[in-house]
Amino acid sequence: MAKEFRLQDPGEGVHEAEIVEIDVAAGDQVEDGDVVFVVETDKAAVEIPAPFTGTVEEVRVEEDELVEVGDVLLTYTEEKAGGKEGEQPTGGEEGAEAEGPEEREGEEERGEDEEEAREEEEEEGEEEERKAGRAAAVPDDTPVPASPATRRLARELDVDLRQVPGSGPEGRVTSADVRDFAQEGPAEAEEAEEEAAVRKEEEGEREGAPEETRAREETGEEAPALPFRTLVKKPPTLPDFSRWGPVRREPLRRIRRSVARRMTMAWWEVPHVTHQEVADITKLERFRKEHEGAVEEGGGQLTLTVLVLKAAVASLKEHPRFNASLDVDAEELVLKDYYNLGLAVDTPEGLVVPVIRDVDGKSLAELSREIPRLVSRVREGEATQEDLQGGTFTLTNPGPLGGTSFTPIVRHPEVAILGMAAARMEPVMVGDLVEWEIEARLRLPLVLAFDHRVNDGADAARFMNTVVETLNDIDSLLLKI
Amino acid sequence: MVMGDVPLDTEVVVVGAGPGGYAAAFHAADLGLEVTLVSEEERLGGTCLLRGCIPSKTLLSLADLLHSAREAAAKGIRFGEPELDLEQIRDWKGKAVDRLTGGLDRLAEDRSVRVVRGRARFAGPRELHVHGEEEVEVTFEHAILAVGSRPVPLPPMEFGEGVWSSADALELPEIPDSLLVVGGGYVGLELGCVYASLGSQVTLAEMEDRLLPAADSDLVKPLAQRTEDLFQAVHLEASVEGMEETEEGLRVSFATAGGRDEPPEDGTFRRVLLAVGRKPDTRELGLDDAGVELDEDGFVVVDAERRTTADTILAVGDATGEPLLAHKAIQEGRVAAEVVAGEPAAFDARAVPAVVYTDPEIAWCGLTEREAEEEGREVRVVRFPWQASGRAVSMGEGEGFTKLILDPDTERVLGMGVTGPQAEALIAEGALAMEMGAVARDLAFTIHPHPTLSETVQEAAEQALDRATHV
């Protein structure tokens with residue numbers, strides 16, 4: 001009997017998703033955990049692993065199709081596993097796992113003399129099996145079996161208990177299940193990706209497929225999902241690089257892929273212009289040095305970034321069209337009366353942009369405490385979806401690594417991003433043509449990349465002037481924050 | 001702290017000092033918030049401590065004692081006829097209440113919870129006035145409403161003139177030679193038992209076709225039998241039609257309710273106790289001005305986080321709806337405090353136990369058989385009769401039983417009911433089982449001490465496995 005595999009909420013209360021990638025076709029043999037689809041929600045690209053081992057009967061969706069939670073993605077015939085080990089030397093074990101090893105082990109451990117209890121248990125086991133076929137373990141009308149402490153933890157971690165398969169006795173959802181579920185999304189996806197890549201390579205070698213075909217397939221698969229209304233649907237096929245020398249391939253990891261997708265989309269969607277200016281931060285730096293000790297005692301780090309964030313907010317308030325988004329369909333500008341600033345963070349996995357909420361309402365001391373904590377959470381891979389959402393404008397500071405200038409890419413759907421290059425001591429001429437002298441000043445090159453659909457060069461100059469004036473004059477910064 | 005006409009600014013103001021209110025206030029203070037508790041009464045504790053749970057249980061313990069002494073004759077110990085010293089009984093009850101309410105004063109002081117005495121009235125979503133000996137104008141960031149409920153009269157009968165509310169009855173002003181209790185819910189039954197034990201001829205009238213309509217009928221049966229002996233008469237499906245004062249007392253005429261053919265005969269009673277229900281004390285609080293919505297019964301509309309329709313105001317306890325029980329209010333109070341403190345708390349209890357302290361006691365929690373039937377939900381019910389419990393028999397209490405209501409597929413515990421002594425304590429295991437998502441086997445495989453009444457829970461669970469040892 002063919003069973004249906006439906007789209008479950010990939011988390012965070014998502015209701016619909018776009019099919020970005022279909023990795024299986026009718027007749028394909030699939031193992032539990034194999035990635036069968038990649039879907040994109042409004043929040044992230046999510047890989048959908050098969051919760052079964054079996055054969056795909058029919059794929060019911062097409063690429064680029066918008067599907068809702070509960071829609072049938074594909075139908076399949078499940079391979080009966082468990083108890084029949086030996087028939088499938090490779091797939092057997094994993095199959096059994098999908099069906100809940102605890103129930104099965106439980107049966108075997110129980111004494112033979114308790115026939116009745118055993119029968120009941122078997123019924124229950126089957127029930128569990130049926131449920132395991134779906135990601136959500138508990139139907140809507142009954143409470144999820146979980147203790148009050150676990151329920152509270154789920155609220156703390158913003159996890160929908162109904163989505164968490166229970167690993168505890170009798171299908172109970174344990175606190176560990178909730179913690180795993182809160183973190184696992186990425187971890188599982190990454191593992192599956194790695195496995196998939198390894199398998200693909202092995203298959204390629206086994207079947208002796210031409211290098212080029214594989215390259216095409218893979219690049220086709222890894223191509224960023226392009227936004228609507230772009231000309232290029234698929235990037236051109238890559239040549240066979242190995243003709244010119246040895247090559248190695250490595251899969252794009254989750255964050256890398258996400259960066260690739262987002263940047264491609266922003267690059268296509270947003271007509272970028274950059275505007276550059278240099279701020280004199282000599283006085284600001286003295287101020288910072290003077291107070292950093294006190295801030296440090298309060299558990300914070302008063303960095304230049306914190307001060308620039310504040311200056312950016314001061315300018316956003318004066319120039320609200322930079323704290324906005326463009327609604328192309330409605331042909332309207334969405335102006336935001338809140339100031340949640342993204343901060344680009346370099347992590348070992350790639351660029352991640354956590355969002356600092358309500359920057360306008362927070363003191364320098366508060367920001368000095370919050371930012372290092374947020375950054376270290378991000379670097380340790382502990383950032384939540386919540387941490388990464390809701391930004392209105394972004395600040396990026398590769399300055400400490402060097403560079404005199406650069407051109408950042410706007411993080412769509414935001415409409416501008418402010419970049420900080422490396423601050424340097426420079427000789428500056430002060431005075432006029434008649435009377436002048438050279439002073440040593442600390443200067444910070446700034447660059448604003450903006451969406452030309454929303455703002456013009458003159459707007460950008462005005463925005464930047466406010467930022468620079470604010471930074472030049474520490475007193476005005478203090479007045480504005 | 002001396003209050004004047006000086007305005008008072010506070011982070012959290014809790015209105016009402018009953019279990020919901022003081023639990024919210026103390027917990028909020030423990031979470032580091034600055035708290036003001038507005039108490040309409042001089043003493044803290046609300047209905048529960050001052051004229052509800054605590055005084056009634058104090059009197060019921062005496063009723064128990066009298067009953068045990070009488071029962072003892074059959075077991076070979078004979079006491080003389082008891083002599084009642086009403087004044088001393090009142091004094092003893094008063095001491096129990098004083099001790100507990102005095103404890104609350106200390107607990108508030110330890111936590112630096114500021115107590116303001118008077119009646120609160122909201123002037124807006126961040127402001128309220130307290131009218132007491134002094135007038136205090138309080139501005140707040142958050143308010144937690146815990147204003148409770150009060151007994152409702154039953155027109156044409158009003159309280160006073162020999163017609164008691166539960167609060168009046170608990171004062172124990174006298175032991176009337178005859179008492180009509182109107183209402184067969186837990187208040188009427190408990191107080192009826194108290195007065196019957198102390199010597200009143202008690203008649204009880206209930207509109208429904210049985211006592212304790214909310215409980216499963218099997219749980220009520222042993223109590224119904226007991227009341228036949230203890231009470232002068234129990235009129236079911238009967239309502240009060242009229243009442244007039246006469247020389248001998250209050251002459252009450254009855255009407256039929258439900259399927260009863262003939263109304264009970266008129267009767268004359270020295271006193272009448274009205275125990276037909278309670279209503280939320282939400283009027284004249286200025287809730288309109290604060291933007292707090294009430295439902296058609298006057299209960300404050302709240303969500304699981306205990307937030308009302310006004311952003312700054314939360315509400316807990318009786319004022320927010322059934323069941324009107326102190327332990328529910330306490331839990332809600334704690335949730336509200338945590339929500340105010342920014343924690344992701346919500347009231348999501350799966351079992352709110354109900355206890356009736358009659359003899360025998362009745363307690364239940366979670367799903368009842370009656371509810372399952374109404375919902376058309378299939379359940380498996382297992383019962384363990386106490387005749388088979390060594391402990392129950394050794395106490396001379398073989399009439400009770402313990403039952404579990406289980407999901408027929410998973411055997412998960414959905415509800416529990418007990419009747420018999422100590423039901424009040426036994427029911428907690430059912431509540432824990434439900435909160436933990438336990439199945440019958442969890443209870444069956446947990447060792448319960450022998451011989452105790454708690455074993456009856458284990459034995460009931462074993463029935464689900466068809467292998468109880470003692471049946």
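In what follows, the accompanying structure is described. (Residues numbered from 1 in each chain as written. Chains lettered and ligands numbered in written order. Predicted model: local features only at pLDDT ≥ 70, side-chain atom pairs only at ≥ 80, totals over all residues. Heavy atoms only, no water.)

Quick look at the overall build of chain A
- The secondary structure content of chain A amounts to 13 helices and 19 strands.
- In chain A, which comprises 481 residues, the share counted as buried stands at 40%.
- When contacts within chain A are restricted to residue pairs at least 6 apart in sequence, those whose partners lie at least 24 apart make up 61%.
- For chain A, the computed accessible surface area is about 26,200 Å², with 49% contributed by carbon and sulfur atoms. (Helix = DSSP H or I, 4+ residues; strand = E, 2+ residues; numbered from the N terminus. Buried < 20%, exposed > 50% of the residue type's maximum accessible area, 1.4 Å probe, protein only. Contact = heavy atoms within 4.5 Å. Areas by Shrake-Rupley, 256 points an atom, 1.4 Å probe, with all protein chains shown as cover.)

With respect to the overall build of chain B
- Per the secondary structure count, chain B includes 14 helices and 22 strands.
- Among the 471 residues that make up chain B, the fraction classed as buried is 53%.
- The long-range fraction of contacts in chain B, counting pairs at least 24 apart against all pairs at least 6 apart in sequence, stands at 61%.
- For chain B, the exposed area adds up to about 21,000 Å²; of that, 47% sits on carbon and sulfur atoms.

Description of the interface of chain B and chain A
- Contacts between the two partners involve 21 residues from chain B and, on the opposite side, 17 residues from chain A.
- For the pair chain B and chain A, the summed buried area comes to about 1,700 Å², and 37% of that belongs to carbon and sulfur atoms.
- Per-residue buried area on chain B facing chain A is highest for B:Pro344, B:Arg350 and B:Arg441; these three make up 31% of the total on that side.
- In this assembly, chain B and chain A are joined by 7 salt bridges.
- Scanning the region where chain B abuts chain A turns up 12 residue pairs in polar contact (both at pLDDT 80 or more).
- Within the side of chain B that touches chain A, the residues separate by chemical class into 7 nonpolar, 2 polar and 12 charged. (Buried area = accessible area lost by both parts, 1.4 Å probe. Salt bridge = Lys/Arg side-chain N within 4 Å of Asp/Glu carboxyl O. Polar contact = N/O pair within 3.5 Å; in protein donor to acceptor, adjacent residues only side chain to side chain. Nonpolar A, V, L, I, M, F, W, Y, C, P; charged D, E, K, R; others polar.)

Focus: a nonpolar patch on the surface
Residues and elements named next belong to chain A.
- A cluster of nonpolar side chains, Leu238, Phe241, Trp244 and Val247, forms an exposed patch at the surface whose accessible area comes to about 410 Å².
- With respect to the secondary-structure elements, Phe241 resides in the loop between helix H6 (211–222) and helix H7 (254–269).
- The class of Phe241 is partly exposed, set by a relative accessible area of 38%. (Patch = residues over 30% accessible without salt bridge, like charges linked within 9 Å, V, L, I, M, F, W, Y side chains within 5 Å.)

Remarks on the environment of A:Ala422
- Within the secondary structure, A:Ala422 sits in the loop between strand S17 (416–420) and strand S18 (424–431).
- Overall, the relative accessible area of 9% leaves A:Ala422 in the buried class.

Quick word on the nonpolar core
- Among the nonpolar cores identified, the biggest contains 64 residues, and B:Tyr195, B:Leu212, B:Trp386 and B:Leu404 are the most heavily contacted of them.
- Counting residues in each nonpolar core, the second largest holds 50 residues, with A:Val295, A:Leu316, A:Leu446 and A:Phe463 among its members. (Core = buried A, V, L, I, M, F, W, Y, C linked by side-chain atoms within 4.5 Å.)

Focus on a negative patch on the surface
- Negative charge collects at one region of the surface, where B:Asp295, B:Glu296, B:Asp297 and B:Glu322 lie side by side.
- Tracing the chain through its elements places B:Asp297 in the loop between helix H8 (287–290) and strand S17 (313–315). (Lys, Arg positive; Asp, Glu negative; His and termini not counted. Charge placed at Lys NZ, Arg CZ, Asp CG, Glu CD.)

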